[in-house]
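A structural walkthrough
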Amino acid sequence: MDTMKLFMPIPDRINFLQLSNGCFSEQTYRNLFENETFDWFAFNASIISKHLTGKRKAIAIDPSYIPKSGKKTPWIGYFWSGCAREYKRGLEIMGIGVIDIDNHECMTLGSIQTPDCKTLDKIGKNLVGWYSSCLISRKDKLQNLSRTLVADAFFFQGNFRYAYV
């Protein structure tokens, strides 16, 4: 609860140093998030189901490049930046949202970090396979919110189009 109270007044990005204004130290927050077992998808889904009241809903997915440097950052690599129209070093997340078509609203359900190329090779998946597996592992929870999935044309390749059916 302390963390949720701290999230509300902090604009833009939130870091652990900002959270140290709460009940715990910066390191305590880092440790709690590292060993986190809180189900953010279920938490956000409960808020979404109460707030998005329209009859027509869709799940929206979109990968996003995040600039990041560092030598110890997990899964840092080269990812496509649509804004820069080139591959750039950093991180990528796949954002998952729920669109309320009737009320013209959208809320974020969650995001999943994309592994770097080396990690994907080790687990025997390509990028499209990774995205598919992320959705398939959450299929029941997602389909409770909507049975319609929207994405850009990148996802219309391979077996991805059958992953959500």
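You'll find the structure just up there.
Right, let's get into the layout of surface pockets. As a volume, the largest pocket reaches approximately 1500 Å³. Around the largest pocket sit 31 residues that line it, and Phe33, Glu36, Ile93, Ser111 and Gln113 are the ones nearest its centre. At the level of secondary structure, the elements contributing two or more residues to the lining of the largest pocket comprise helix 1 (2-7), helix 2 (16-19), helix 4 (40-51), strand 1 (57-67), strand 3 (86-100) and strand 4 (105-113). Sort the elements by how many residues they give to the lining of the largest pocket and strand 4 lands first, with five residues. For the lining of the largest pocket, the class distribution of residues is 16 nonpolar, nine polar and six charged.

Per the stated rule, a full pass over the model turns up three salt bridges. With a shortest N-O distance of 2.9 Å, Glu26 and Arg30 are connected by a salt bridge. Taken together, the residues Glu26 and Arg30, both in helix 3 (residues 26-34) and four residues apart, mark about one turn of the helix. Note that Asp102 is salt-bridged to Arg56, the shortest N-O span being 2.7 Å. With Asp102 in the loop between strand 3 and strand 4 and Arg56 in the loop between helix 4 and strand 1, this residue pair connects regions lying 46 residues apart in the sequence. Residue Asp102 is classed as partly exposed on the basis of its relative accessible area, which comes to 30%.

What follows concerns the pairing of strand 2 (residues 77-81). Sheet analysis places strand 2 next to strand 3, joined by five bridges and oriented antiparallel. Bridged to Gly77 within strand 3 is Gly90. Counted between consecutive antiparallel strands, the loop separating strand 2 from strand 3 contains four residues, among which Arg85 sits at a positive phi close to 55 degrees.

Turning next to the nonpolar core. Formed by 19 residues in total, the largest nonpolar core has its most connected members in Met94, Ile96, Val98, Leu109, Ile112 and Leu145. Broken down by secondary-structure element, the contributors of at least two residues to this core are helix 4, strand 1, strand 3, strand 4, helix 6 (127-137) and helix 7 (139-145). When residues in this core are grouped by element, the largest group, four residues, is from helix 6. If near-sequence neighbours (up to four positions away) are discounted, Ile96 is found in contact with Phe41, Ile59, Ala60, Ile61, Thr108, Leu109, Gly110, Ile112, Leu135 and Leu142.

Before going further, it helps to examine helix 6. Those residues of helix 6 that fall on the buried side of the exposure criterion are Val128, Trp130, Tyr131, Ser132, Cys134 and Leu135. On the buried face of helix 6, the contacting elements are strand 1, strand 3, strand 4, helix 5 (117-122), helix 7 and strand 5 (149-150). With a side-chain oxygen positioned 3.3 Å from the backbone nitrogen of Val128, the residue opening helix 6 is Asn126.

It is a general feature of regular strands that their side chains alternate between the two faces of the sheet. Two elements, strand 1 and strand 3, share 11 bridges in a ladder whose sense is antiparallel. Across the sheet, the residue bridging to Ile61 is Ile96, located in strand 3. For strand 1 and strand 5, the ladder comprises two bridges, and the chain directions are parallel. From the neighbouring strand, Ile59 faces strand 5, where its bridge partner is Leu149.

By the element assignment, Met107 lies in strand 4. On the accessibility criterion, Met107 (23% relative accessible area) is partly exposed. Between the C-alpha atom of Met107 and that of Ala60, which follows or precedes it by 47 residues, the distance is 9.8 Å. Residues within four places of Met107 in sequence aside, it is in contact with Ile47, Ile48, His51, Leu52, Gly97 and Val98.

Conventions and cut-offs
- Residues numbered from 1 in each chain as written.
- Predicted model: local features only at pLDDT ≥ 70, side-chain atom pairs only at ≥ 80, totals over all residues.
- Heavy atoms only, no water.
- 1 Å grid on protein atoms, 1.4 Å probe; cavity = no way out; pocket = protein on both sides within 12 Å on 5 of 7 lines; lining within 4 Å.
- Points joined across faces, edges and corners; volume = space filled by probe spheres on them.
- Helix = DSSP H or I, 4+ residues; strand = E, 2+ residues; numbered from the N terminus.
- Nonpolar A, V, L, I, M, F, W, Y, C, P; charged D, E, K, R; others polar.
- Salt bridge = Lys/Arg side-chain N within 4 Å of Asp/Glu carboxyl O.
- Buried < 20%, exposed > 50% of the residue type's maximum accessible area, 1.4 Å probe, protein only.
- Pairing = 2+ DSSP bridges.
- Core = buried A, V, L, I, M, F, W, Y, C linked by side-chain atoms within 4.5 Å.
- Contact = heavy atoms within 4.5 Å.
- Polar contact = N/O pair within 3.5 Å; in protein donor to acceptor, adjacent residues only side chain to side chain.

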